[in-house]
Amino acid sequence: MRLPRTAYTSRPWRIHEIAGDFRVEDVWAFSMPGAGPDDFPTMLAAIQAPGDPAREALPLRFLFAVRWKLGALFGWDEPKAGIGARVQSLRDRLPSDLREAAQGSNAGFAPFTAVYEWDDECALELASKTVHSVMHLSWAPASSGGYELRMAVLANPNGLPGRLYMAAIRPLRRLIVFPAFTRQLESAWRERGRPGPRGSSAATVEDAVGTDNIPESVLAHSSLSRIDYADRFTLATDANATPEQWARAMFGDVPSVAERFIWRGLLGIRLSRGRSPGTVAGWRIAERGEGWIRLEAASWFLAGNLLVEATDGRVSLGTFLRYDRRLGRSVWHPLSAVHRRLAPGLLRDAAAKMNDQKPRP
């Protein structure tokens, strides 16, 4: 839930002593049912716990992957633009008691670097050519009783380019990043101390890119007259589900804001509206067979198939594209690298959902 800036400025946080020249961009609260006044360390541990598949929400993975691609293209993240080069670390501003306190860990918050950790707050920082930003996490009484986690995003833009950059990402931050982060953090709190599904986050995902590396029997399920791009990712799993159930676990019944941004906004794909037994996340269920299902969608410059297979203790996701205009290749080429980074996590997240649905002893 988004809060007014006063929810941050009115509290006596130690961050005020060192970040007075930073602008408050956003303040959000995250529900922590049953939390008490001393549970801030427990919350941090839950966020940082290894192997939590909910910690890497797909919209966040996608947007950060796109951001690093753009950063590499425009040189935003060069070493000379980071902490200790273009800007000094906020650790250099710490009063003696905070300097002597634990620095904290950035586990679970990469690429942010920890600045300090106190009894009920911590701060992490990140710098690029565009902006020096701070993520401030704090523990505060909730209006409904109990305690909640709050996050404030602080920014010190680097001139006009930095201000334009912050203005450009503000809609994405509020419409996609924070809602996804809300689900991620609240899930981490609910699941704290509970062992994750076997193999859910560390399980190896096999990948194959290019039609020469994908079996002809798999390519035969495509409806495209020509396949210009193909990849396939496979995960071993003990979850028992149909290909359609796997597809819905991966993409949802209706497209999320992030999926609409990727498919409709960037690729121009025409998606069906509303929930329907004949669609998955706006893609039409075109055909199915023994152990597989094919989803279809297209834009004016490319056509796509998503092939989901589930058989013999393995689930696979195949992506096949045909470029109908030269623009198709130009748009998909940079996005394909992001897609290949995200696809393994998509399969692992779906496997975690399937295991969560199993009856517990």
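If you're wondering where the values come from, they're calculated on a predicted model, not measured in any experiment.

Visitor: Would you mind showing me how to read the side chain of R150 here?
Guide: Tracing the backbone shows R150 in strand β5 (residues 147–157). Among the residues examined, R150 registers a relative accessible area of 13% and is labelled buried. Engagement of the side chain of R150 in a polar contact is seen with the backbone oxygen of A7, the distance being 3.3 Å. Excluding anything up to four places from it in sequence, R150 contacts L3, A7, R11, W28, A29, H136, L137, S138, A140 and P141.

Visitor: So what exactly am I meant to see when it comes to empty space enclosed by the protein here?
Guide: The method is simple in principle: a probe with the dimensions of a water molecule rolls over the atoms, and the space it marks as empty is what remains. If you walk through the whole model with that rule in mind, you get three cavities of 30 Å³ or more. Taken as a whole, the largest cavity spans an internal volume of roughly 360 Å³. The wall of the largest cavity is formed by 20 residues, among which F251, I262, W263, W332 and H339 lie closest to the centre. Residues belonging to the lining of the largest cavity are distributed by class as follows: 17 nonpolar, two polar and one charged.

Visitor: Explain the sheet that holds strand β1 (residues 23–31) to me, please; I cannot follow it from the model alone.
Guide: What holds strands together in a sheet is hydrogen bonding between their backbones, with the strands either parallel or antiparallel. Spatially, five strands are ordered β1-β5-β4-β3-β2 in an open sheet, and the strand pairing comes out antiparallel. With partners counted over all chains shown, the strands left at the sheet margins are β1 and β2 (113–117), one partner each. Between one strand and the next, the sheet's axes are offset by a mean angle of 20°, whatever the strand orientation. Of the pairings in the sheet, the one linking β1 to β5 comprises eight bridges and is antiparallel in character. Within the sheet, the bridge partner assigned to V27 lies in β5 and is A152. Sitting on the sheet, helix α2 (residues 40–48) touches β2, β3 (121–127), β4 (131–141) and β5, and the angle it makes with β4 is about 130°. Along the sheet face, helix α5 (residues 159–190) touches β1, β4 and β5 and points at about 10° away from the line of β1.

Visitor: Got a minute to help me understand the packing of α2 against α5 in this structure?
Guide: Helix-helix packing is characterised by the crossing angle of the two axes and by the distance between the axes. α5 packs onto α2 with a crossing angle of 110° between their chain directions and a minimal axis gap of 8 Å. Judged by the angle between their axes, α2 and α5 are roughly perpendicular. Where α2 approaches α5, its residues T42, M43, A46 and I47 are matched on the opposing element by L185, A188 and W189. Residues belonging to the contact of α2 with α5 are distributed by class as follows: six nonpolar, one polar and no charged.

Visitor: I tried to follow the sheet that holds strand β12 (residues 314–323) on my own but got confused; where do I start?
Guide: Strands sit in the order β6-β7-β12-β11-β10-β9-β8 across an open sheet of seven strands; the sheet is antiparallel. Only two strands of the sheet have a single neighbouring strand rather than two, namely β6 (205–209) and β8 (279–280). Sheet analysis places strand β9 (residues 283–289) next to strand β10 (residues 292–298), joined by five bridges and oriented antiparallel. Residue pairing for β10: E287 is matched across the bridge by R294. Against the sheet, helix α7 (residues 243–251) makes contact with β8, β9, β10, β11 (302–311) and β12, and its axis sits at roughly 120° relative to β11, the strand it touches most.

Cut-offs and rules
- Residues numbered from 1 in each chain as written.
- Predicted model: local features only at pLDDT ≥ 70, side-chain atom pairs only at ≥ 80, totals over all residues.
- Heavy atoms only, no water.
- Helix = DSSP H or I, 4+ residues; strand = E, 2+ residues; numbered from the N terminus.
- Buried < 20%, exposed > 50% of the residue type's maximum accessible area, 1.4 Å probe, protein only.
- Polar contact = N/O pair within 3.5 Å; in protein donor to acceptor, adjacent residues only side chain to side chain.
- Contact = heavy atoms within 4.5 Å.
- 1 Å grid on protein atoms, 1.4 Å probe; cavity = no way out; pocket = protein on both sides within 12 Å on 5 of 7 lines; lining within 4 Å.
- Points joined across faces, edges and corners; volume = space filled by probe spheres on them.
- Nonpolar A, V, L, I, M, F, W, Y, C, P; charged D, E, K, R; others polar.
- Pairing = 2+ DSSP bridges.
- Axes fitted to C-alpha atoms, helices over the stretch in contact; angles between N-to-C directions.
- Parallel < 35°, antiparallel > 145°, perpendicular 65-115°, else oblique.

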